[in-house]
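Residue strings, one per chain:
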Amino acid sequence: MDGNKGHAHEQVSCPDTYSLSIALLKENLNQKNLATYGQAIAHQTHLDKQFQKTLKDLSALEFALDQAAILAITDKKGTIIDVNDKFCELSQYSRQELIDQNHRLIKSGYHPPEFFKEFWATLKTGRVWKGEIKNRAKDGTYYWVNTTVVPFLDEEGEPYQYLAIRFDITERKRAEEALRQAELVSRQQAQELELALDKLKQTQIQLVQSEKMSSVGQLVAGIAHEINNPVNFIYGNLDCASEYVQSLLNLLGVYQQHCPVDVPEIQAALDEYELDFLVEDLPKMVASMQLGANRIREIVLSLRNFSRLDEAKMNPVDIHQGIDTTLLILRNRFKAKAAYPEITLVKEYGNLPPVVCYASQLNQVFMNIISNALDALEDQPLPRRIEISTFLARGDEPLWDGQCLISSCPFAVILIANNGSSIPVEVQKHLFDPFFTTKPVGKGTGLGLSIAHHIVVEKHQGHLICISKPGEGVKFAIAIPLMQAE
Ligand SMILES: Nc1ncnc2c1ncn2[C@@H]1O[C@H](COP(=O)(O)OP(=O)(O)OP(=O)(O)O)[C@@H](O)[C@H]1O
Ligand SMILES: [Mg+2]
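Residues numbered from 1 in each chain as written. Chains lettered and ligands numbered in written order. Predicted model: local features only at pLDDT ≥ 70, side-chain atom pairs only at ≥ 80, totals over all residues.

Regarding the overall build of the protein chain
Along the backbone of the protein chain there are 14 helices and 12 strands. Scored against the burial criterion, the 486 residues of the protein chain give a buried share of 20%. Within the protein chain, residue pairs in contact and separated by at least 24 positions form 63% of the contacts whose partners lie at least 6 positions apart. (Helix = DSSP H or I, 4+ residues; strand = E, 2+ residues; numbered from the N terminus. Buried ≥ 20, exposed ≤ 12 C-beta atoms within 10 Å, placed from the backbone. Contact = placed C-beta atoms within 7 Å.)

Some thoughts on the pairing of strand β2 (residues 80-83)
For strand β1 (residues 70-75) and β2, the ladder comprises 3 bridges, and the chain directions are antiparallel. Its bridge partner lying in β2, isoleucine 73 is registered against aspartate 82. (Pairing = 2+ DSSP bridges.)

Focus on the site of ligand 1
Taken together, 21 residues form the shell around ligand 1, and within it Asn372, Thr437, Gly444, Gly448 and Leu449 come nearest. In terms of residue count, helix α12 (residues 359-377) provides more of the shell around ligand 1 than any other element does, 4 residues in total. Here the residues of the shell around ligand 1 sort into 9 nonpolar, 11 polar and 1 charged. (Near = placed C-beta within 6 Å. Nonpolar A, V, L, I, M, F, W, Y, C, P; charged D, E, K, R; others polar.)

Brief notes about the environment of alanine 485
Looking at the element boundaries, alanine 485 is found in the segment after β12 (474-481). Judged by the 7 C-beta atoms lying within 10 Å of it, alanine 485 is exposed. Residues alanine 485 and cysteine 409, spaced 76 residues apart in sequence, show a C-alpha to C-alpha distance of 9.8 Å.

A word on the packing of helix α10 (residues 319-329) against α12
The N-to-C vectors of α10 and α12 enclose an angle of 50°; their axes lie 9 Å apart at closest approach. One way to sum up the angle between α10 and α12 is to call them oblique. For the element pair α10 and α12, the recorded crossing hand is right-handed. Across from Gly322, Ile323, Thr325 and Thr326 in α10, the residues of α12 making contact are Ala359, Leu362, Asn363, Phe366, Met367 and Ile370. For the contact of α10 with α12, the class distribution of residues is 6 nonpolar, 4 polar and no charged. (Axes fitted to C-alpha atoms, helices over the stretch in contact; angles between N-to-C directions. Parallel < 35°, antiparallel > 145°, perpendicular 65-115°, else oblique. Left-handed = near helix turned anticlockwise from the far one by under 90°.)

Quick look at the nonpolar core
If you look at the biggest cluster of nonpolar residues, it comprises 37 residues, and the most contacted ones within it are Val365, Ile369, Ala412, Ile416, Ala452, Ile478 and Ile480. For this core, the secondary-structure elements that each account for two or more residues are α10, β8 (355-357), α12, β9 (385-393), β10 (411-418), α14 (448-459) and β12. Of the residues forming this core, the biggest block, 9 residues, is contributed by α12. When sequence neighbours within four positions are dropped, the list of residues in contact with alanine 412 reads Ile319, Leu352, Val355, Thr390, Leu392, Ile480 and Leu482. Formed by 17 residues, the second largest nonpolar core is a distinct cluster that contains Leu71, Ala72, Phe87 and Leu123. (Core = buried A, V, L, I, M, F, W, Y, C linked by C-beta atoms within 7 Å.)

Side note on the sheet that holds β12
Paired through their backbone hydrogen bonds, the strands of a sheet run either parallel or antiparallel. Within the open sheet, the 5 strands sit side by side as β7-β9-β10-β12-β11. Their pairing is mixed. Two strands lie at the open edges of the sheet, namely β7 (344-348) and β11 (463-467), each paired on one side alone. Each neighbouring strand pair of the sheet contributes to a mean axis angle of 15°, computed without reference to strand direction. Across 8 bridges, the pairing between β10 and β12 is antiparallel. Looking at β12, one finds that isoleucine 416 is bridged to phenylalanine 476. Contacts from α12 reach β9, β10 and β12, with the element oriented near 20° to β10. Against the sheet, α14 contacts β11 and β12, and its axis sits at roughly 135° relative to β11.

Notes on the environment of glycine 140
Mapping glycine 140 onto the fold places it in the loop between β3 (129-136) and β4 (142-153). For the pair glycine 140 and glutamine 92, spaced 48 residues apart in the sequence, the C-alpha separation amounts to 9.9 Å.

Focus: unusual backbone geometry
For glutamine 92, which is not glycine, the phi torsion reads 65° and is therefore positive. Overall, glutamine 92 belongs to the partly exposed group, with 15 C-beta atoms counted inside 10 Å. Of note, the phi angle at aspartate 100 is positive, near 75°, even though the residue is not glycine. You can see aspartate 100 is positioned in the loop between α5 (95-98) and α6 (113-124).

Side note on the sheet that holds β1
Across the sheet, 5 strands lie side by side as β2-β1-β5-β4-β3; this open sheet has antiparallel pairing. Strand pairing shows two members of the sheet lacking a second neighbour, β2 and β3, which therefore form its edges. Strand-to-strand twist across the sheet, computed as the mean angle between neighbouring axes with direction ignored, equals 30°. Looking at chain direction, β1 and strand β5 (residues 159-168) are connected through 6 bridges and run antiparallel.

Quick word on the packing of α12 against α14
The contact between α12 and α14 brings their axes to 9 Å, and the two run at 145°. Relative to α14, the crossing made by α12 is left-handed. From α12, Gln361, Leu362, Gln364, Val365, Asn368, Ile369, Ser371 and Asn372 reach across to α14, where they touch Gly448, Leu449, Ile451, Ala452, Ile455, Val456 and Lys459. Classifying every residue of the contact of α12 with α14 by side-chain character gives 8 nonpolar, 6 polar and 1 charged.

Considerations on the pairing of β9
Across 5 bridges, the pairing between β7 and β9 is parallel. Bridging from a neighbouring strand, valine 346 pairs with glutamate 387 of β9.

A word on α10
Within α10, the full set of buried residues consists of Ile319, Gly322, Ile323, Thr325 and Thr326. One side of α10 carries all its buried residues, which in axial view fall inside an arc of 160°. (Arc of directions from axis to C-beta.)

Let's talk about the confidence of the model for the protein chain
The share of residues in the protein chain with pLDDT of 70 or more is 88%, and the mean pLDDT across the chain is 85. Low pLDDT, under 50, characterises residues 2-14; the stretch is placed with 16 contacts to residues that sit more than four places away or in other chains. (pLDDT = per-residue confidence, 0-100.)

Laid out in structure tokens, this is it:
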């Protein structure tokens, strides 16, 4: 490579030494100092040999470099002055096509402008630049080169040429890229696997819970069914029994009026059975039996309503009935216990049309949230209160904390609040996580709210949020669209 010689020759001081030797020679000849002349000749021969050796070494170095690297020499503007065969081979351009061209010819467009700014800034200050560059060959394919650019400096220390020494690293880059891709794919696969595992966990929770609920539901429905028939016998006959008792008592009155008692045995029996009390108490007893039977009938109806095993599809239902049934089942927990007084229940039901939903699943949601409220109040000081209110939301107005429910149809909103301690923000973040519980081992499984969330959000496209600020207790808001998309 011819251009490479420029820099190498600059380093050799031989022409100066040569003229010095000639001057010496002349001076010595004038003085006819043959001995000195002989020495000068010897010295000159020695210098010549050294010069030849340096030239040979340089040429060997150039050959070695030429064999090993991709070389190019450019002027200070980046115009190519010379290239070696390896450069032509890799770039697929001939030497003629490259000479006098700017290096931009092989620019790939991969590197940002800042990259070349830094490149030129380094070279212009006379420093060596090292880095990896992606270039484009004549056929449009890309190759990577590990590059070292050395500036050649003039007497003022300004660069007047650059020597670029490059090594092809395309294969290494390809391998690195393949590795990166493989890493990306395996990271994606790991993420997918994690998601699948999460889903599996969720499904397992639901399976366990729905199995539990369905066996509870079956049990409840079975008992309700079994009790329903005998209760109906009692309830159905009590009206008649009440009538018969009344008729018998009337008849007894008529007898007493028209046939006064003068038989001592009858008088004794009347005294013994306290007829007056019996006549007065019997109708009351029958009335209270009617009340009790009616209550049992209502409970049985509610239990059947709660289990709703027959409903595998969505139906329009009265949400208030679902809440009331749940409250009926939990009624015992509202009662005063030991040192703790009764929990007051405040209901403020709005005007709600029937809501299309899975009724038994929504009952489960009410059950979980009201149970949690009751748990939270368990050891709270006075006065303990649970408030349940409902209202209809149009679907586009701000509801709570400025949040908006955007929907094409209105929502039924159910608020369940208790005046216990508020929930710390850190705990609030995890309320709906499966298995998250702050209750002692054996008391809570941490599934209640995660299942409620799944039912409300995924099964009904609704919203379930918890609002709890310090000193303001805890409020759960459930919003269910009145209609479900097909
Ligand atoms: N009304 C509330 N007041 C205070 N904390 C509550 C209330 N509701 C829920 N939490 C908190 O949320 C946690 C999770 O509730 P979640 O219903 O999911 O599980 P759990 O009640 O602990 O157990 P499980 O319902 O499975 O028996 C509770 O452990 C409790 O810390
Ligand atoms: Mg719970």
